[in-house]
Every structure is written in structure tokens, then in C-alpha cells.
Amino acid sequence: MKILLLFISLMLPAGSHALANTATTPPILAAKSYLLYDYTSNQVLVDQNGDARMEPASLTKLMTAYLAFDAIKHGTISLEQKLSVSAAAVNFTNGESRMLLKAGQLVSVDDLLHGLIVQSGNDAAITLAVNIAGSVAGFVDMMNQEAKRLGMKNTHFSNPVGLSDTQNYSSAFDLALLAAAIVRDYPQHYPLFSIRNYSFNNVTQSNRNRLLWLDPYADGMKTGFTESAGYCMVGSVNRNGRRLISVLFGADSDRLRASESQKLLNFGLEYFDTARLYNKNQPVATLRIWKGTESHLPIGFRRELFLTIPKGTRDQLKATMETRQPVFAPVSGGQQLGVLKLQLDGLPYAEFPLVALESVPLANVFSRGWDSIRLFFQ
């Protein structure tokens, strides 16, 4: 029996057309590495040394926060629970950021999360790490396991704080993955990243993320600095339901990392549109299926499918569907049966797996036999 590849041209759903604009050359930023990621469509829009291993400084604390959120989810700690501050947690050199904890103090997890995210407190990070994992070393193991699970291939952590160490590194692409995971997995905690000021021990400290003051759509996420890393930032904006995430390493100043990050985010908003192509579980096509209890099977996507393209280019977008024929039962819901391939202006642009939207079990022996006869003559 021959296995055939079936190609079908598809009409994309109609959408609004933006004014034509093909000037999509990304800005050149004063930074060592940077990346712009569209969270809504899961696309990288700008990539300058995005896989280069860089010192993340306090951007490390994004993983510390992610694991703290996970510990809350699984009941290891709770927001109201008060944790003990160890002497090691407050044993830092001058100049390191802290929320001004005192050894032996009992502090709520809620306060510690504010201190970690808003004030970038190293003391908060150590206190959370020790109480979640039993030791800093145990927590670092958790950080690296989670990085591996998330697909952060150019990341390794050696501490939960972001102190300079040759074994504490990450990349712009990996931190975009981590930032997206925080937004996706813990939306209930994400508002912490947009808080401008927080007071603890009668001292008010401001968030170092200048974007929260510069851009009304900015709502996160984290800054970092060491002498060797320079000024770093993971930024995020959410405009009209569309979220962009920027990652930047190695700017020369606090002001520059904010202005360069804002340039990157504005570029994505100004020169790209994100459109919904298909709804979750919306049939894209129907396939003939053999030897099953059903003769036809709808295929599509198990999530909403968004695509980000340069503004004014939607008319240049063409879609084809590729499936391998014939398709035999049994088929499980979610099983990949084809690929949606998109071209923009005649060039390959994106591919998305097409999956079965329903399950089709194997038919009885008589039906299977009849289908075998029909296939023979085809």
C-alpha cells in the first residue's frame, strides 16, 4: 500500500488589515544580548545573541520566585505562613540588595515574596530557599531540575540570588521561557511584578524596574546588576490582551537598560500584529479515517492558535495542510496527524502540528474487512 502526502490549500480566517508597513528591521541596542518574545503567539520577534550564556545577576531570582510559587501550589509553604530567618540569610556584603531582614525574625511568605520581587532582596531569596528545600544547595538542585524541565538549555544556577559565579549563567532565550512560564503557570502571583514600592521594617524601597514608571502598559518583570554582568532586565508589556516579553543583558547603566528595553518592546508593538488564526478545538479540516468506528475525523489545535506577522502583510500569508494518507484507526484525541505550514510573501514562515480533535477506536472485524477491500481498489 502506498503512503501518500496530501497537501491542501486552506483559507485563513478573515481578520482586520493593518496599514502596510514592511519596515521591520529591529533596532540595534546598546546591550550584549537581547531578545523580544511574543507570549501570545509563542514567537521570537528579535534575537540578538539570544542563546549566548550570560551572567543573569538578580534575574536569577525569577527562578527562585517560580519555585516559591510552585511550593505554595503544592502546599510546602503558604502565603500566611511565617518563616524563620537564618543568620546565613542576612550575612551579605555591603551593596547587595536586601529587604532588611533580621536573624531569628519570623516573616510571612507573602512579605518575603514582595521582598524578593519588588525589593530584589537577597535575604528574602535565601530565606525562601532554605525553608522550601532545607538548604541552599538543595534549592539550587531544584532550580536546575526545573530549568531542565522548562527547556532552558543554556542555563545553570549555582545560587538562588544571582551572585557572580562562573556556574551561574543563563541566556536571553531561556529567561524568556522562564518569564513565560511564570505568566502561564502562576497568573495569580504575577501582579507582584508590577508593584512599584514596598515597605518592610518601616523602610520603603522602590522597584528598580523603571519601565513601571515609563510605560503605562508595563507590568513586569525583573532587573539585575553586578559589576561583571552589567545592567540586565526582563521586561513585559500587556496591551489589549497581547503580551510581549523582552530580555536584555549587559547595558552600561540603569537608565540605559530601561530605555533600550522600551525600544525593543515598542518595536514589537509598532511593527507587528498578532492575530488569532484558529480557536481551540476548531476544526481546520476533516480527514478520511479507515477501519474505525467513524469514517471522518476533524483535526485542528488543542489551544488557540495565534500568529505574529509584520503589520500590513496578512494578505501575503498563505496556508497549506500536509497529512500522511491513509489514516487508520485507532486514533487518540490529541494525536498528531498533520502539519499546518504557513508562508509569508512566498517564504516559509511557521509550522504548527495538527492533531485529532476526537478519538476514533478500532471498528469491528467486519467493518475493518470492508475498509480493507475498498482500500485495495483505491
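Each remark here, short or long, concerns the structure printed above.
In what follows, the accompanying structure is described. Keep in mind it's a predicted model, so treat the numbers as computed, not measured. (Residues numbered from 1 in each chain as written. Predicted model: local features only at pLDDT ≥ 70, side-chain atom pairs only at ≥ 80, totals over all residues. Heavy atoms only, no water.)

In the structure shown here, the tally under the stated rule is 8 aromatic pairs. Ring geometry for Y278 and F301: centres 5.7 Å apart, planes at 35°, overall tilted. Highlighted residues: Y278 in strand β11 (residues 272–278) and F301 in the loop between β13 (296–300) and β14 (305–310), separated in sequence by 23 residues. With respect to burial, Y278 and F301 carry one shared label: buried. One aromatic cluster in this structure is built from Y66, F69, Y186, Y190 and F193. A cation over a ring is seen here: R239 above Y217, with NZ or CZ 4.5 Å from the ring centre. Residue placement shows R288 over the ring face of W290; its charged tip is 3.9 Å from the ring centre. (Phe/Tyr/Trp six-rings, centres within 6.5 Å; stacked < 30°, edge-to-face > 60°. Helix = DSSP H or I, 4+ residues; strand = E, 2+ residues; numbered from the N terminus. Buried < 20%, exposed > 50% of the residue type's maximum accessible area, 1.4 Å probe, protein only. Lys NZ or Arg CZ within 6 Å of the ring centre and 35° of its normal.)

Where helix α2 (residues 109–117) meets helix α3 (residues 122–133), the axes come as close as 8 Å, and the angle between the chain directions of the two elements is 135°. Here α2 is positioned oblique relative to α3, judged by the angle of their axes. Seen along the crossing, α2 lies across α3 with a hand that is left-handed. Between α2 and α3, the residues in contact are V109, L112, L113, G115 and L116 and A124, A125, T127 and L128, respectively. In terms of residue class, the contact of α2 with α3 is built from 7 nonpolar, 2 polar and no charged. (Axes fitted to C-alpha atoms, helices over the stretch in contact; angles between N-to-C directions. Parallel < 35°, antiparallel > 145°, perpendicular 65-115°, else oblique. Left-handed = near helix turned anticlockwise from the far one by under 90°. Contact = heavy atoms within 4.5 Å. Nonpolar A, V, L, I, M, F, W, Y, C, P; charged D, E, K, R; others polar.)

Another point: unusual backbone geometry. A cis geometry characterises the amide bond from G220 onward to M221, with omega recorded as 5°. A cis amide bond, omega -5°, links Q325 with the succeeding residue P326. Mapped onto the fold, P326 is located in the loop between β15 (317–325) and β16 (327–328). Positive phi is not limited to glycine here, since L100 has a value of about 70°. Looking at where L100 falls in the secondary structure, it is placed in the loop between β4 (82–84) and β5 (106–108). A positive phi angle, close to 65°, is found at K291, a residue other than glycine. The topology assignment puts K291 in the loop between β12 (285–290) and β13.

Attention shifts here to the pattern of salt bridges. Applying the stated criterion across every chain, the model contains 9 salt bridges. Between D254 and R257 there is a salt bridge, with the nearest N and O atoms lying 3.3 Å from each other. Of this pair, D254 and R257 are both found in helix α7 (residues 254–271), 3 residues apart, which corresponds to roughly one turn of the helix. Its salt-bridge partner being E322, residue K341 comes within 3.0 Å of it at the nearest N-O pair. Placement of the pair is K341 in strand β17 (residues 336–344) and E322 in strand β15, with a sequence separation of 19 residues. (Salt bridge = Lys/Arg side-chain N within 4 Å of Asp/Glu carboxyl O.)

The subject of this paragraph is the packing of helix α1 (residues 61–73) against α2. Between α1 and α2, the least distance of the axes is 10 Å, while the angle of their chain directions is 160°. Taken together, α1 and α2 sit at an angle that is classed as roughly antiparallel. The crossing of α1 and α2 is left-handed. Note on element contacts: α2 touches α1 through V109, L113, L116 and I117, opposite K61, T64, A65, A68, F69 and I72. For the contact of α1 with α2, a count of residues per class yields 8 nonpolar, 1 polar and 1 charged.

The next point concerns the sheet that holds strand β10 (residues 242–251). Pairing in this open sheet of 5 strands is antiparallel, and the strands run β3-β2-β10-β9-β8 from one edge to the other. Where the open sheet ends on each side, the last strands, each with one partner, are β3 (43–48) and β8 (218–226). Averaged over neighbouring strand pairs, the angle between their axes works out to 5° when direction is ignored. Taken together, the 8 bridges between strand β9 (residues 230–239) and β10 define a ladder with antiparallel strand orientation. Looking across to β10, one finds that G235 is bridged to S246. Strand contacts of helix α5 (residues 172–185): β2 (33–38), β3, β8, β9 and β10, with the helix running at about 140° to β10, the strand carrying the most contacts. (Pairing = 2+ DSSP bridges.)

Within the largest apolar cluster, 64 residues are counted, with the highest numbers of intra-cluster contacts made by M63, F69, L113, L128, F193 and V234. Aside from chain neighbours lying at most four places away, what touches F193 is L62, A65, F69, I117, I182, N207, L212, D219, G220 and M221. Among the nonpolar cores identified, the runner-up in size contains 27 residues, and L277, I299, F301 and V360 belong to it. (Core = buried A, V, L, I, M, F, W, Y, C linked by side-chain atoms within 4.5 Å.)

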